[in-house]
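Chain residues, written in single-letter form:
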Amino acid sequence: MTDKTRKPADESRQAQLLKGLAELALLSLLEERAHYGLEILERLRGEAGLGLAEGTIYPLLHRLERSGLTQAEWRLDDGGNRPRKYYALTDVGRRDLALQLADWQRIATALGAFLNRGGKR
C-alpha cells in the first residue's frame with residue numbers, strides 16, 4: 001500500500017508509530033551538533049525516512065526543551081541575514097538518549113526475532 005492509497009486508520013497508526021520514533025531520532029541527530037528546526041525536519045524526513053509533518057516538529061522540540069533534554073539559542077544564519085533558533089542536547093539529553101538507544105536496541109532485537117520466528121518472513 002502506498003502513501004497515496006492509505007486509509008485513515010492506516011494513517012493514524014503510522015502517525016502514532018512516527019510520534020514515538022521521532023523523539024529518539026531527533027535526540028540522535030542533535031548528538032552530532034546543534035540544528036535549527038527546518039534542518040531537523042528535513043534530515044528526519046530524508047535520512048531517517050520519517051514522514052513528519054512540519055507542524056509536529058516544533059511541539060516536540062518545545063517539549064524536549066521544557067524537559068531539559070535540549071536547549072535552544074538564537075543564532076544568525078551563515079549569511080548573517082536572519083536569526084534561527086538552534087537546538088542542542090544538554091547533558092541530561094545525552095544521558096536520556098543513551099537510555100533510549102539501549103531500550104530501542106533491546107526492543108528491536110526482541111521484536112525482530114519474534115516477527116521472524118520460524119523463518120516465516
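Residues numbered from 1 in each chain as written. Predicted model: local features only at pLDDT ≥ 70, side-chain atom pairs only at ≥ 80, totals over all residues. Heavy atoms only, no water.

A. A look at the pairing of strand β3 (residues 83-89). Burial analysis of β3 places 5 of its 7 residues in the buried class, the great majority of the element. Examined bridge by bridge, strand β1 (residues 35-36) and β3 share 2 bridges and lie antiparallel to one another. Each residue of the ladder has a partner; that of Tyr36, found in β3, is Tyr86. Both strand β2 (residues 70-76) and β3 contribute to a ladder of 7 bridges, which runs antiparallel. Across the sheet, Gln71 pairs through a bridge with Ala88, a residue of β3. Here β2 folds back onto β3, and the loop between the two strands holds 6 residues, one of which, Gly80, carries a positive phi near 70°. (Buried < 20%, exposed > 50% of the residue type's maximum accessible area, 1.4 Å probe, protein only. Helix = DSSP H or I, 4+ residues; strand = E, 2+ residues; numbered from the N terminus. Pairing = 2+ DSSP bridges.)

B. Looking closely at helix α4 (residues 91-115). The terminal C-alpha atoms of α4, which comprises 25 residues, lie 36 Å apart, in line with the 36 Å expected from a rise of 1.5 Å per residue. When we look at burial in α4, the residues that qualify are Gly93, Leu97 and Gln100. As for α4, its buried residues are in contact with α1 (8-32) and β3. (Expected span 1.5 Å × (residues − 1). Contact = heavy atoms within 4.5 Å.)

C. Focus on the pattern of salt bridges. For the structure shown, the criterion picks out 7 salt bridges. For Arg43, the salt bridge identified is with Glu47, shortest N-O distance 2.7 Å. Taking relative accessible area as the criterion, Arg43 reaches 19% and is therefore assigned buried. Between Arg75 and Glu73 there is a salt bridge, with its nearest N and O atoms 2.9 Å apart. Each of the salt bridges in this network shares a partner with another, and the network as a whole consists of Glu32, Arg43 and Glu47. (Salt bridge = Lys/Arg side-chain N within 4 Å of Asp/Glu carboxyl O.)

Keep in mind that these numbers describe shape and distance, not what the molecule does.
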